[in-house]
Amino acid sequence: MLSTTGIALRSQIGCLVTSSATPLPFRLVVTGGGTGGHTYPALTAVRTLRNRLAGQGRGLEVLWIGTAEGLEARVAPAEGIPFTTVATGKIRRSSNPLKMLGPANVKDMARVPLGVAQARSRIAEFAPDVVLATGGYVAVPAGLAARLCRRPLVLHEQTVRLGLANRKLAGSATRIAVSSESSLSLLPQDVRASAVVTGNPVRPEVLTGNADKAVTALELTGFDRRLPTLYVTGGAQGAQQINQVIAQSLPWLLERANVVHQCGPANVDELRTVAASLPAALSGRYHLTGFVGPELPDVLALADVVVSRSGAGTLAELTALGKPAVFIPLASSAGNEQAHNARHLQESGAAVALEGETSPQRLQAALGPLLTDPARRAGMAQAAREHGRPDAAERLVDVLLEAARTA
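Residues numbered from 1 in each chain as written. Predicted model: local features only at pLDDT ≥ 70, side-chain atom pairs only at ≥ 80, totals over all residues. Heavy atoms only, no water.

Asks: Is there a simple way to think about the sheet that holds strand E11 (residues 305–308) in this case?
Replies: Remark on secondary structure: sheet strands pair via backbone hydrogen bonds, oriented parallel or antiparallel. Within the open sheet, the six strands sit side by side as E10-E9-E8-E11-E12-E13. Their pairing is parallel. What marks the edges here is a single partner per strand, and that holds for strand E10 (286–289) and strand E13 (352–353). Pairing of strand E8 (residues 229–233) with strand E9 (residues 258–262), which is carried by five bridges, proceeds in the parallel orientation. Looking at E9, one finds that leucine 230 is bridged to valine 259. (Pairing = 2+ DSSP bridges. Helix = DSSP H or I, 4+ residues; strand = E, 2+ residues; numbered from the N terminus.)

Asks: So what exactly am I meant to see when it comes to the sheet that holds strand E4 (residues 130–133) here?
Replies: Taken together, seven strands build an open sheet; the order of strands is E3-E2-E1-E4-E5-E6-E7 and the sheet is parallel. The open sheet terminates on both sides in strands that have one partner only, identified here as strand E3 (83–85) and strand E7 (195–197). The mean angle between the axes of side-by-side strands here comes to 25°, regardless of whether they run parallel or antiparallel. Across four bridges, strand E1 (residues 26–31) lies against E4 in parallel orientation. By the bridge assignment, threonine 31 is partnered in E4 with alanine 133. Sheet contacts for helix H2 (residues 36–55): E1, strand E2 (60–66) and E4; angle to E2, the most-contacted strand, approximately 170°. (Axes fitted to C-alpha atoms, helices over the stretch in contact; angles between N-to-C directions. Contact = heavy atoms within 4.5 Å.)

Asks: Hey, could you run me through the pattern of salt bridges in this one?
Replies: Side chains that differ in charge, positive against negative, can pair when their charged atoms come close. Scanning all chains against the criterion turns up 14 salt bridges. Close ionic contact of arginine 225 with aspartate 212 constitutes a salt bridge, the shortest N to O distance being 3.5 Å. A residue pair is termed long-range when its members are at least 10 positions apart, and arginine 225 in the loop between helix H9 (211–217) and E8 and aspartate 212 in helix H9 qualify at 13 residues. The network of salt bridges with shared partners includes Arg47, Arg50 and Glu79. (Salt bridge = Lys/Arg side-chain N within 4 Å of Asp/Glu carboxyl O.)

Asks: What am I meant to see in the nonpolar core here?
Replies: Nonpolar side chains tend to gather and get buried jointly when the protein is soluble and globular. By size, the foremost hydrophobic cluster in this structure holds 32 residues, and its most contacted members are Tyr286, Val307, Val326 and Leu367. Contributing elements (two or more residues each) for this core: E8, helix H10 (240–254), helix H11 (268–276), E10, E11 and helix H16 (360–372). Non-local contacts of tyrosine 286, meaning those with residues more than four positions away in its chain, are made with Phe223, Leu250, Leu254, Val259, His261, Leu271, Ala275 and Leu278. (Core = buried A, V, L, I, M, F, W, Y, C linked by side-chain atoms within 4.5 Å. Buried < 20%, exposed > 50% of the residue type's maximum accessible area, 1.4 Å probe, protein only.)

Listed below in structure tokens is the structure:
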């Protein structure tokens, strides 16, 4: 383990070596994960930072601090990023303060000091130029350890409101990168000066899709290209709520649009039975799939309208592309964040939010004007595009490098 003196010495040596032909690599600790919403923005930022530094003839060394159960435990090693875990605990939310003090929460909260000690050891040894925390329970001990090690800490918030982990760390952060202008007024007054709007990093490949490639890859030979195309998705596992309302609306939808429906692998057989009863004139316009993989950018390019959940990553991609959307928020999302995300875009005319119980009638009322009126679609697309930040990863990298320079 490096002592504080060792860290200072490394910094002094770095100044000397940087002046030579081979500069020291930039060192970054990433912490956060649990879900794709926290993991993939961090991964996109790492890739973007690596490319930026490579253009300057400088390398990047990364250490990811996460949990063994989170998505990051698979994503980081697959990217060739060294990965380590620390103790952490999930805080179970409740509107009842007494329930917040239940045995499970008390037990998990007691693990946080251990996690901080473990993370402090990892960070002191690695001696990063900056620490990036993207949320999730593991970000709390690692973020607190960054402060103890006097390393600059940059938070990134994907949703409109600060998540629980980032709220706990806001006072310790050098910079707080938020995804939306509307987030600034929701920050505590004492940390607003450290906030900057970057947007939510979007994978570059999402922005380069080709609609004709989607038609070829998915063999959409029955599609009528004179009609708009609707892309329906409930995420990788599908969403039963969305699948049901789409199944009940299929004939109505297919009279007005082509439909690509990503329903989740476990739901394909049931929906295939529903599709088998469609009239022949309509069935060719319906493409059912359990999962959309590498062809996702092309499917998004083909889509004129999207029906989906309203997670932060989905919003970032759809606004960057300028896609009109009808959002059906996941009611059980942490802090009801999906409803806040959807409502935020609806208020500016960039989407329609269907909160609460979603019936076929409500879905059809929301989709009807978008599928039948090209001008309405174009107006919503422009409003969505105004919220999009396709350069969010580059902006976040700017913040990381600036935080390291001014530390």
